Amino acid sequence: MPELHSVSVNGVELNVAEAGSGPAVLLLHGFPHTWEVWTEVMADLSDRYRVIAPDLRGFGASGPAGTGYDAQSLADDAAALLTALGVSSAAVVGIDAGTPPAFLLALRRPDRVRRLVVMESLLGGLPGAEDFLADGPPWWFGFHAVPGLAETVLEGREAHYVDWFLRTGTLGDGVRPPLRDAFVRAYTGRGALRRAFSYYRALPRSATQIEQAVAAARLTVPTMAVGAHPVGAALERQLRPVADDLTGHVIEDCGHIIPLHRPRALLALLRPFLAAGHPAGTAERGRPAPSRT
């Protein structure tokens, strides 16, 4: 089982799961998930990597925060977390809400990111997602974006709402009951819902941050874009004009929550991609972790 501990970054306490030793791999979750969306990925990778999976600020067991849900602030949290843990650079993997901050961290701080993996998300208004957005963005983006609305409507009905995303994100298969229950607990209560929806309310600001970032720099770190249903290859198409070294994959018969629905297929892509960044003899295996609270 991963070790859970709290790390103070940028004025908020992040709940962080860690497992294994070796080169660092940072995993950033999405909605409606916590670090536990990575459970099977962590179990597999921890035999050769130091795997670090935080709850994003305001999500799960991390401390509440009134601000900082835009992509750049979340990227700053990720960089500060690596620093607090004594990690000079890491492979960074993001899905859904974790993708924009992972992207901005790699774009603006390539010294901190060895390799980048992004999944099932869009990067603001960058070209390439026109087909995906032909009928407009997913319905819940607008629902979540209205200040005060979704949390008021959904309070007391959180389990039904989370269940819909878990079923849809696994093409009807659902997830194991203990994991489902953990996600429901993490998103129960008006405060928890409001913090989660703050990510959606910050999307216009995040889109501006992404637009400004790609106007000033190119993505130079080796990057892999992984799609499934419904995003497919849209993220890869957005990245293609701005990335120097990009590989794209779409996992067939796979729902949006890739690490839960098709973890074996995801790991079959992750393992060689991560290993390519570490020729024999360069791993930091066995380095002791710094003291922390």
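Everything here concerns the structure above.
This structure is a prediction, so every number in the text was calculated from the model and none was measured.

## Points about the packing of helix α2 (residues 71–84) against helix α3 (residues 99–108)
For step 1, the next point in the chain: One can describe the packing of α2 onto α3 by two numbers: an axis separation of 8 Å at closest approach and a directional angle of 70°. As summarised for this structure, α2 and α3 are arranged roughly perpendicular, according to the angle between their axes. The hand of the α2/α3 crossing is right-handed. Between α2, through Ala71, Gln72, Leu74, Ala75, Ala78 and Ala79, and α3, the contact on the second element is made entirely by Pro100, Pro101, Leu104, Leu105 and Arg108.
For step 2, the next point in the chain: Looking at side-chain class alone, the contact of α2 with α3 contains nine nonpolar, one polar and one charged residues.

## Details of a nonpolar patch on the surface
For step 1, the next point in the chain: On the surface, Val146, Leu149 and Val153 cluster together to form a nonpolar patch covering roughly 200 Å² of accessible area.
For step 2, the next point in the chain: Tracing the backbone through its elements, the reader meets Leu149 in helix α5 (residues 149–154).
For step 3, the next point in the chain: Using a relative accessible area of 35% as the deciding quantity, one classes Leu149 as partly exposed.

## Concerning the pattern of salt bridges
For step 1, the next point in the chain: According to the stated counting rule, one finds 14 salt bridges in the structure shown.
For step 2, the next point in the chain: Of the charged contacts, one joins Asp253 and Arg262 as a salt bridge, the two residues approaching to 3.1 Å between their closest N and O atoms.
For step 3, the next point in the chain: Residues joined in a network through salt bridges with shared partners are Asp44, Arg264 and Arg271.

## Digging into the pairing of strand β8 (residues 246–250)
For step 1, the next point in the chain: Where strand β7 (residues 223–227) and β8 come together, five bridges link them in parallel fashion. Opposite Met224, over in β8, you have Thr247 as the bridge partner.
For step 2, the next point in the chain: As for the winding sense of the linkage, the β-α-β connection from β7 through helix α10 (residues 234–239) to β8 is right-handed.

## What about the packing of aromatic side chains?
For step 1, the next point in the chain: Throughout the structure, instances matching the rule amount to 17 aromatic pairs.
For step 2, the next point in the chain: Pairing Phe31 with Tyr187 gives two aromatic rings, centres 5.4 Å apart and planes at 85°, and the pair type is edge-to-face. Here Tyr187 lies in the loop between α7 (177–186) and α8 (190–201) and Phe31 lies in the loop between β3 (24–28) and α1 (39–45), a separation of 156 residues in the sequence. Each member of the pair Phe31 and Tyr187 is classed as buried.
For step 3, the next point in the chain: A centroid spacing of 5.5 Å and a plane angle of 70° characterise the contact between Trp139 and Trp164, whose relative ring orientation is edge-to-face.

## Describing the environment of Pro100
For step 1, the next point in the chain: Looking at the element boundaries, Pro100 is found in helix α3.
For step 2, the next point in the chain: For Pro100, a relative accessible area of 4% gives the class buried.
For step 3, the next point in the chain: Through-space distance from the C-alpha of Pro100 to that of Thr170 is 22 Å; in sequence the pair is 70 residues apart.
For step 4, the next point in the chain: Look past the residues within four positions of Pro100 in its chain and what remains in contact with it is Ala71, Ser121, Leu122, Leu123, Tyr199 and Ile210.

The rules behind each value
- Sequence order sets the numbering: in each chain, residues are counted from 1 along the sequence as written.
- Per-residue local features are limited, in this predicted model, to residues with pLDDT of at least 70; the limit for side-chain atom pairs, both in listing and counting, is 80 or more; totals at the level of whole chains, interfaces and linings are taken over all residues.
- Side-chain metrics rest on all non-hydrogen atoms present in the structure, leaving aside hydrogens and water.
- Axes here refer to lines fitted to C-alpha atoms; in helices the fit is confined to the stretch in contact. Angles between the N-to-C directions go from 0 to 180 degrees.
- Elements are defined by DSSP. Helices are runs of H or I of four residues or more, strands are runs of E of two residues or more, and each kind is numbered from the N terminus.
- Between 65 and 115 degrees an angle is taken as roughly perpendicular, under 35 as roughly parallel, over 145 as roughly antiparallel, and anywhere else as oblique.
- By definition, any crossing whose near helix is turned counterclockwise from its far helix by less than a right angle is left-handed, and any crossing with a clockwise turn is right-handed.
- Whether two residues are in contact is decided by their heavy atoms, any of which lying within 4.5 Å being enough.
- Any residue that is not Ala, Val, Leu, Ile, Met, Phe, Trp, Tyr, Cys, Pro, Asp, Glu, Lys or Arg is counted as polar, Gly included; the first ten are nonpolar and the last four charged.
- Each patch is built from residues lacking any salt bridge and having more than 30% relative accessible area; the joining distance is 9 Å for like charges and 5 Å for nonpolar side chains (Val, Leu, Ile, Met, Phe, Trp, Tyr).
- Method for areas: the Shrake-Rupley scheme with a 1.4 Å probe, in which residue coverage is limited to the protein chains shown.
- The salt bridge criterion pairs a side-chain nitrogen of Lys or Arg with a carboxyl oxygen of Asp or Glu, the two atoms within 4 Å.
- For every residue, the accessible area obtained with a 1.4 Å probe (protein chains only) is divided by the maximum for its type, and the residue is called buried under 20%, exposed over 50%, and partly exposed between those limits.
- Only strands that DSSP links by at least two bridges are regarded as paired with each other.
- Whether a crossover is right-handed depends on one test, that the path from the first strand over the helix to the second runs clockwise when the strands point away from the viewer.
- The rule is short: rings of Phe, Tyr and Trp, with Trp giving its six-membered ring, pair when the centres are within 6.5 Å, and they are stacked under 30 degrees, edge-to-face over 60, tilted in between.

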